[in-house]
Amino acid sequence: MNYKNKIFKEGNFQDYLTIIDDWKREKNKIVFTNGCFDLLHSGHIMYLNEAKKNGDKLVIGLNSDESVRRLKGENRPIKGEDCRADILAFMGEIDMVVIFDEDTPLDLITKIVPDVLVKGGDWEIENIVGANVVIENGGTVKSLNFLDGHSTTNIVNKVLNQN
């Protein structure tokens, strides 16, 4: 599959939901995670590899540029949503990238209803958005290992403080 065929905007939900429904009919276990993925770093790579081990198909909810700005401030994102989506979709572990405009992926999780919802280890399970939706539908929620010292915000701050 061409990596560009893995990228969807949330407004085209029927397109990606049809694919997900096909995966579910084929008995694939759907794993979902989300984030800004502004500057992809080794912490992200290890996290995404770990996420994929929890199922057959890995779906990424990617915050749109406007969503990132609201969450991280006017100077973010560093890379636009199309660039961030391309990089993620090109990774073999990732089966689908869905760009969403809301501040949280709750609507997306409610539409997809993944079998497994994962976030990084800096998230407590009870604070993971959509956990209740997944659990109520028989799925599992996991907080994966967190790799200390790898933070996009820290990288951005370090670059900005270099004169």
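The preceding data block contains the structure.
Remember, it's a predicted structure, so these values are computed and weren't measured experimentally. (Residues numbered from 1 in each chain as written. Predicted model: local features only at pLDDT ≥ 70, side-chain atom pairs only at ≥ 80, totals over all residues. Heavy atoms only, no water.)

1. Details of the overall build of the chain
Which entries qualify depends on this criterion: Segments assigned H or I by DSSP are reported as helices when at least four residues long, segments assigned E as strands when at least two residues long, and all are numbered from the N terminus. The buried label applies to any residue whose accessible area, calculated with a 1.4 Å probe on protein chains only, is under 20% of its type's maximum; exposed applies above 50%, and partly exposed to all values in between. Contact between two residues is taken to exist if any of their heavy atoms lie within 4.5 Å; hydrogens are not considered. We get accessible surface area from the Shrake-Rupley algorithm with a probe of 1.4 Å; when it comes to residues, only the shown protein chains can shield them.
Regarding its fold elements, the chain presents 7 helices and 6 strands. When burial is assessed residue by residue, the chain has 44% of its 163 residues classed as buried. For the chain, restricting intrachain contacts to residue pairs at least 6 apart in sequence, the fraction spanning at least 24 positions comes to 73%. Element-wise, carbon and sulfur atoms account for 48% of the exposed surface of the chain, whose accessible area totals about 8600 Å².

2. Topic: the pairing of strand β6 (residues 140-143)
Going by this rule: In this scheme, strands are said to pair when DSSP sees at least two bridges between them. Handedness of a crossover is defined as follows: with both strands directed away from the viewer, a clockwise route from the first strand across the helix to the second makes it right-handed.
Judged from the 4 bridges that link them, strand β5 (residues 116-119) and β6 form a sheet pairing that is parallel. Looking at the pairing, Val 116 lines up with Thr 140 of β6. Traced from β5 through helix α6 (residues 131-136) to β6, the parallel crossover comes out right-handed.

3. Side note on the environment of Glu 50
With respect to the secondary-structure elements, Glu 50 resides in helix α2 (residues 42-52). Residue Glu 50 is classed as partly exposed on the basis of its relative accessible area of 29%. With 68 residues separating them in the primary sequence, Glu 50 and Val 118 have C-alpha atoms 9.5 Å apart. With residues up to four places along the chain from it excluded, the contact list for Glu 50 reads Leu 144 and Asn 145.

4. Some remarks on the nonpolar core
Spelled out, the test is: Here the nonpolar core consists of buried residues drawn from Ala, Val, Leu, Ile, Met, Phe, Trp, Tyr and Cys, with membership extended through side-chain atoms lying within 4.5 Å.
Ranked by size, the top nonpolar core spans 20 residues in total, and within it Tyr 16, Val 59, Met 96 and Ile 112 carry the most contacts. Looking at this core, the elements with two or more residues in it are α1 (13-25), β2 (30-35), β4 (96-100), α5 (106-112) and α6. Other than its neighbours up to four places away in sequence, Val 59 contacts Ile 20, Trp 23, Ile 30, Val 31, Phe 32, Thr 33, Met 96, Val 98 and Ile 112. Of all hydrophobic cores here, the second largest spans 18 residues; its members include Tyr 47, Leu 62, Ala 85 and Met 91.

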